[in-house]
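Read off the chains here:
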Protein chains: 2
Amino acid sequence: MFQNDLAEVQERLVDLSESVNDIMEKASEAFLNCDLKKAEEAIALSEINEERALAIDELAIRILSKESPAARDLRVLVAALRISASLERMGALAGHIATIARFRYPESAVPASLHNTFSEMGALDCALGKRLTELLRNTDVDLARTIQSEDARVDELHRSVFDLVLSPDWKEDAIHTVDVTLASRYHERFADHVVDISEKVAYLTTGEWAELEE
Amino acid sequence: MFQNDLAEVQERLVDLSESVNDIMEKASEAFLNCDLKKAEEAIALSEINEERALAIDELAIRILSKESPAARDLRVLVAALRISASLERMGALAGHIATIARFRYPESAVPASLHNTFSEMGALDCALGKRLTELLRNTDVDLARTIQSEDARVDELHRSVFDLVLSPDWKEDAIHTVDVTLASRYHERFADHVVDISEKVAYLTTGEWAELEE
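Calculation rules
- Residues numbered from 1 in each chain as written.
- Chains lettered and ligands numbered in written order.
- Predicted model: local features only at pLDDT ≥ 70, side-chain atom pairs only at ≥ 80, totals over all residues.
- Heavy atoms only, no water.
- Helix = DSSP H or I, 4+ residues; strand = E, 2+ residues; numbered from the N terminus.
- Rg over C-alpha atoms; globule rule 2.2 N^0.38 Å.
- Buried < 20%, exposed > 50% of the residue type's maximum accessible area, 1.4 Å probe, protein only.
- Contact = heavy atoms within 4.5 Å.
- Areas by Shrake-Rupley, 256 points an atom, 1.4 Å probe, with all protein chains shown as cover.
- Lys, Arg positive; Asp, Glu negative; His and termini not counted.
- Charge placed at Lys NZ, Arg CZ, Asp CG, Glu CD.

Asker: Would you mind showing me how to read the overall build of chain A here?
Answerer: What chain A contains, in helices and strands, is seven helices and zero strands. For chain A, the N- to C-terminal ordering of α and β elements is α-α-α-α-α-α-α. A compact globule built from 214 residues would reach a C-alpha radius of gyration of about 17 Å, and chain A, at 18 Å, matches this within 12%. Viewed in the frame of its principal axes, chain A has a C-alpha envelope of about 60 × 35 × 20 Å. A total of 214 residues make up chain A; the buried ones form 55% of that total. For chain A, contacts bridging at least 24 residues in sequence account for 82% of all contacts bridging at least 6. Carbon and sulfur atoms make up 49% of the accessible area of chain A, which amounts to about 9,300 Å² in all. Between the mean site of the 23 positive side-chain charges and the mean site of the 42 negative ones, chain A shows a separation of 2 Å.

Okay, here's the thing in structure tokens:
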């Protein structure tokens, strides 16, 4: 019975993670291609996302109160609470990216000089999101390591946005400066959450917390 | 015995909240007055803050595994996990504000035209932090309501930063634009976390979740 409960929590985390990827894909397209429809879809989905995350928390609490899980299962449930909180934030961050796109429409929020950078960052966030779904589904620790190396590239791109914005080559106005500063931060935080979750999953699977932390 | 455990969790959340306020006070002074020493103190404290938050989580998990708390106590413990996660983020956000100050030192990260705005925002964040400590100590629901109205003022100031930055009056360079964009966002998120925590405390105290949400 209890194993069924845990399986249900896991399944719902996988579903939530898929829906977060959906938001990020739409948000990234909206942001890169000034697509108003995709922006609105992403924003609407990000609003539902919060409730879905809370519903998983309620389920975890119900299981905790119904059963008295042993130490390991308890850790899994507590990790599930933290993972759902991260997935909730990831949906909100993707929603913020879509909001920037909607706000600037019909103009683009992305200046030409940063199109490639944001295109790569968006693609990486989407790829990281998909790996995260896989990881939640099959708790494959090798996947957790791949996630961490991909996040390093997102950090690099994030820094490169600031390098450009703060260089003499940057000729854009304050609106673009604000947009790219925030959008870059949102992309970076999204990837950070994927790493946080992957560390929790790796920890639950191997107990090797320290080894995965840098 | 169990009530003692809960009291210990509460006491450690109060301590953590006080240490977060300390970081925010130092960060805010560092940011407003280009005070390198305060910036470094804030950054050092924010690094310890994360470990202290994790230690509270470990305590909550130990209690959960040792006892089999009834529904209400279980909710308190789960809320404690979420509160410690928010306090951890608040410490990190205050640390980011200090990092901006350190990065720009000996120049100021705050242009003259926004000094008053950031001064008020910083003071509000510090005041909200103190109210939060009080709230965690005595779970006074009226305090939760005050917190929510003060947060509204932080949001207003946050919007006013963008209004200025995106207006024709804004003559600062990209460095200042980036700095104030991020710093304003960090101040706003700090206050958001105070509101999130106050809603959780109010919920635990009254059960009136819906009433407090707007």
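Asker: Where do I start with the environment of His176(B) in this structure?
Answerer: Residue and element names in this part refer to chain B. Looking at where His176 falls in the secondary structure, it is placed in helix H6 (residues 174-206). In this structure His176 comes out as buried when scored by relative accessible area, which is 14%. With 42 residues separating them in the primary sequence, His176 and Glu134 have C-alpha atoms 35 Å apart. Not counting chain neighbours up to four residues away, the residues in contact with His176 comprise Ser108, Ala109, Val110, Pro111 and Trp170.

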